[in-house]
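This is what each chain is made of:
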Amino acid sequence: MKLNIRWQLALVSVALSLLPIAVVGVLAYRIARGALEERIRFNLETLALQSDEKLERLLLDQHQNLAVWSQLGFIRDDAVTGDADGRILQFLQEAKRNTDIAQEFWVANVAGTVIASTLPALRGREVGDREWLQAARRGQSWVGSPALQDLTGRVGMPIAFPLQASFDRSKPVGVLVVMLDWPKVVTILQSVRVVPAGQDE
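Residues numbered from 1 in each chain as written. Predicted model: local features only at pLDDT ≥ 70, side-chain atom pairs only at ≥ 80, totals over all residues. Heavy atoms only, no water.

Chemist: What exactly am I supposed to notice about the packing of aromatic side chains here?
Modeler: Each aromatic ring pair is specified by the distance between its two centres and by the angle formed by the two planes. Across all of its chains, the model carries 4 aromatic pairs by this definition. Measuring from centroid to centroid gives 5.4 Å for Trp69 and Phe91, while their planes differ by 85 degrees, and the two rings are edge-to-face. Of this pair, Trp69 sits in helix α1 (residues 5-69) while Phe91 sits in helix α3 (residues 87-97), and the two are 22 residues apart along the sequence. Here the aromatic cluster, defined as three or more aromatic residues joined through ring pairs, consists of Trp69, Phe74, Phe91 and Phe105. (Phe/Tyr/Trp six-rings, centres within 6.5 Å; stacked < 30°, edge-to-face > 60°. Helix = DSSP H or I, 4+ residues; strand = E, 2+ residues; numbered from the N terminus.)

Written as structure tokens, this is what we have:
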């Protein structure tokens, strides 16, 4: 059935009136989508930055703790004598109780033998070939990568600080090591949230 000219004009008129609405709708959709993508990108970048800063703070805190503890006279002296009276072990056990993200602590002498550890199976273990002990012999601190650790059998991240003799600061006598509990660190990082500007966490 053929439409008469009046109906044809009416359809054209309706189509022309709907066209601007459709164009505006498409433009609004594209603008909203672009803004949403930009916001998501910003949030992801911010989250990555905040997670990185949080990890740096966690590692710095542990490094500073080791730096302070490595200066304790009884740790430096007992590293030479093999912790015969158990003072280092007692200190490490207390440190572990007070540190949320520490799996284990231990001290090895410069010869490469673990003399005190919160993991009993490590005491007496030979570790002379470990990178962290090599660094300590050079008087350097050392930070390892998160991985499955053969000494603990768990995923951890080692941080080590050299021990120098109390009678001669240039003479290394051992190393103080903390093994961070990497799954706990990851849980902490996953709790980081992007907070809109002007709001408190």
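Alright, that's what it looks like, and here's the rest.
Chemist: Honestly, the environment of Ala135 in this entry has me stumped. Any pointers?
Modeler: Mapped onto the secondary structure, Ala135 falls in helix α4 (residues 131-137). Expressed as a C-alpha distance, the spacing of Ala135 and Phe161, which sit 26 residues apart in the sequence, is 8.6 Å. Contacts of Ala135, omitting those with residues within four sequence positions, involve Gln140, Ser141 and Trp142. (Contact = heavy atoms within 4.5 Å.)

Chemist: I'm lost on helix α5 (residues 182-190) in this one. Help?
Modeler: In an α-helix, one turn spans 3.6 residues, which is why side chains three or four residues apart end up on the same side. Burial in α5 covers these residues: Trp182, Val185 and Leu189. All buried residues of α5 fall inside an arc of 55 degrees around its axis, so they share one side. (Buried < 20%, exposed > 50% of the residue type's maximum accessible area, 1.4 Å probe, protein only. Arc of directions from axis to C-beta.)

Chemist: Could you clarify how one ought to interpret the environment of Glu94 in this entry?
Modeler: Position of Glu94 relative to the elements: it lies in helix α3. Separated by 24 residues in the primary sequence, Glu94 and Thr118 place their C-alpha atoms 9.5 Å from one another.

Chemist: Is there a simple way to explain the side chain of Thr118 in this structure?
Modeler: Mapped onto the elements of the fold, Thr118 is located in the loop between β2 (114-117) and α4. For Thr118, a relative accessible area of 13% corresponds to the buried category. At a separation of 2.6 Å, a polar atom in the side chain of Thr118 contacts the side chain of Glu104. Of note is the side chain of Thr118, whose polar atom sits 2.9 Å from the backbone nitrogen of Phe105. Setting aside its immediate chain neighbours within four residues, Thr118 contacts Leu89, Leu92, Gln93, Lys96, Glu104 and Phe105. (Polar contact = N/O pair within 3.5 Å; in protein donor to acceptor, adjacent residues only side chain to side chain.)

Chemist: Sorry, what's going on with the pairing of strand β6 (residues 168-181) here?
Modeler: Every regular strand shows the same layout, with side chains that alternate between the two sheet faces. Of all the 14 residues making up β6, 10 are buried; the element is thus mostly covered by neighbouring parts of the structure. Where strand β1 (residues 102-109) lies against β6, 7 bridges are found, and the strand directions are antiparallel. Its bridge partner being in β6, Ala102 is matched across the sheet by Leu180. Relative to β6, strand β5 (residues 154-165) runs antiparallel, the two sharing 10 bridges. Within β6, the residue paired with Pro158 across the bridge is Met179. (Pairing = 2+ DSSP bridges.)

Chemist: Please clarify how unusual backbone geometry should be interpreted in this entry.
Modeler: What is expected of a backbone is that most residues other than glycine have negative phi and most peptide bonds are trans. Of note in this structure, Asp83 is not a glycine but carries a positive phi near 55 degrees. Residue position: Asp83 is located in the loop between α2 (73-81) and α3. A relative accessible area of 4% means that Asp83 is categorised as buried.

Chemist: Any chance you could explain the nonpolar core here in plain terms?
Modeler: Grouped burial of nonpolar side chains is what soluble globular proteins tend to show. Formed by 27 residues in total, the largest nonpolar core has its most connected members in Leu66, Phe105 and Val107. At the level of secondary structure, the elements contributing two or more residues to this core comprise α1, α2, α3, β1, β2, β5, β6 and α5. Among the elements that line this core, the one with the most residues is β5, at 5 residues. Sequence-distant contacts of Phe105, that is, excluding residues within four places in its chain, are made with Leu66, Trp69, Leu92, Ala95, Lys96, Thr99, Ala116, Ser117, Thr118, Val177 and Val178. (Core = buried A, V, L, I, M, F, W, Y, C linked by side-chain atoms within 4.5 Å.)

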